[in-house]
Amino acid sequence: MRTRPTLWEAPDRDARKIVSVARECLRRGMSMVKAGNAVGDIGWAIQTYAESQGCSVVREFVGHGVGFDFHEPPPSAALWPERGGARADSGMVFTIEPMINLGRKELRIMEDEWTAVTRDASLSAQFEQTVLVSENGCESLTPWED
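I will try to describe carefully the structure that is included in this document. All of these numbers come straight from a predicted model, not from anything done at the bench.

## As for the side chain of Glu-97
Considering the arrangement of structural elements, one finds Glu-97 in the loop between β4 (93–96) and β5 (99–101). Here Glu-97 occupies a buried position and makes no salt bridge, while the nearest side chain of opposite charge, Arg-59, is found at 15 Å. Separated by 2.8 Å, the side chains of Glu-97 and Thr-95 make a polar contact.

This is the structure we're talking about:
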C-alpha cells in the first residue's frame with residue numbers, strides 16, 4: 001500500500017507524474033480555445049492526452065461558464081468522446097479544470113459531502129483556469145507562473 005509523503009519529503013515519481021500530466025492537460029485544453037472552435041475539442045484534447053499517459057479523467061466535475069450565477073453553461077468537460085459540440089464565441093468566459101487520476105476514474109464523496117477522493121486511493125491532480133475566448137485563442141483571467 002502506498003504511503004503518503006510527509007511535508008518534508010520530496011514528492012515521489014507518481015506525484016510528479018500526475019501533476020505534470022494534469023498541467024499538460026490544462027495546457028492542451030486551453031490550446032483548443034478560439035472563437036468558432038467547438039467546446040468539445042477542449043475535452044477531447046484533455047482526454048486524449050491523459051489516457052495516452054495511462055491516466056484517467058474524472059467525469060463528475062467539469063469546467064463551466066462564468067457570469068452572474070454559480071456554474072453557468074456551457075459545461076466544458078475534461079473529456080469528450082469525439083470532437084464537436086457547442087461553439088465558443090468571442091467574449092465568452094468559462095473555466096477549464098481537468099481533474100486527472102493516476103488510477104481509475106471513479107470517485108467517492110466523503111461524509112462531509114464536499115471532499116472527493118479516488119475510489120482506488122490513487123493520486124489525483126487538478127488545475128483550473130478561467131479563460132476569455134477571443135478570435136485568436138484565449139486569454140487566461142487567472143494566470144499563474146509555471
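## Thoughts on helix α2 (residues 40–52)
Its 13 residues give α2 an end-to-end C-alpha distance of 18 Å, which sits within 8% of 18 Å, the value for a rise of 1.5 Å per residue. Where α2 is concerned, the buried positions are Gly-40, Asp-41, Ile-42, Gly-43, Ala-45, Ile-46, Gln-47, Tyr-49 and Ala-50. Where the residues of α2 are buried, they touch α1 (13–31), β1 (56–57), β4 and β5. Positioned one or two residues after α2, Gly-54 has a phi angle of 80°, which is positive.

## Observations regarding the pattern of salt bridges
Pairing between side chains of opposite charge can happen when the charged atoms of each approach one another. Within this structure, the stated rule accounts for four salt bridges. With a shortest N-O distance of 2.8 Å, Glu-24 and Arg-28 are connected by a salt bridge. Placement of both Glu-24 and Arg-28 in helix α1 is noted, with a separation of four residues, approximately one turn of the helix. For Arg-28, a relative accessible area of 33% corresponds to the partly exposed category. With a shortest N-O distance of 3.2 Å, Arg-104 and Glu-106 are connected by a salt bridge. Residue classification places Arg-104 among the exposed residues on the basis of a relative accessible area of 54%. Glu-106 sits in the partly exposed class, given a relative accessible area of 26%.

## Thoughts on the sheet that holds β5
The strand order across the open sheet built from three strands is β1-β5-β8, with neighbouring strands paired in antiparallel fashion. Looking along the sheet, the strands with just one partner apiece sit at the ends: β1 and β8 (124–126). Strand direction decides the pairing type here: β1 and β5, joined by two bridges, are antiparallel. What sits directly across from Ser-56, in β5, is Asn-101.

## What to know about the environment of Ala-15
Looking at the secondary structure, you find Ala-15 in helix α1. As for Ala-15 and Ser-124, which are separated by 109 residues in sequence, their C-alpha atoms are 8.5 Å apart.

## Comments concerning the side chain of Thr-118
Mapped onto the secondary structure, Thr-118 falls in strand β7 (residues 116–118). Looking at Thr-118, the relative accessible area reads 9%, which means it is buried. Of note is the side chain of Thr-118, whose polar atom sits 2.7 Å from the backbone oxygen of Ser-122. Discounting residues that sit within four places of it in the chain, Thr-118 has contacts with Asn-101, Glu-106, Leu-107 and Ser-124.

## Regarding unusual backbone geometry
The phi torsion at Glu-113 lies on the positive side, around 60°, for a residue other than glycine. The topology assignment puts Glu-113 in the loop between β6 (107–109) and β7. Judged by relative accessible area, Glu-113 falls into the exposed class, the value being 68%. A positive phi is found at Ala-121, a non-glycine position, where the angle reads about 65°. You can see Ala-121 is positioned in the loop between β7 and β8.

Cut-offs and rules
- Residues numbered from 1 in each chain as written.
- Predicted model: local features only at pLDDT ≥ 70, side-chain atom pairs only at ≥ 80, totals over all residues.
- Heavy atoms only, no water.
- Helix = DSSP H or I, 4+ residues; strand = E, 2+ residues; numbered from the N terminus.
- Buried < 20%, exposed > 50% of the residue type's maximum accessible area, 1.4 Å probe, protein only.
- Lys, Arg positive; Asp, Glu negative; His and termini not counted.
- Salt bridge = Lys/Arg side-chain N within 4 Å of Asp/Glu carboxyl O.
- Polar contact = N/O pair within 3.5 Å; in protein donor to acceptor, adjacent residues only side chain to side chain.
- Expected span 1.5 Å × (residues − 1).
- Contact = heavy atoms within 4.5 Å.
- Pairing = 2+ DSSP bridges.

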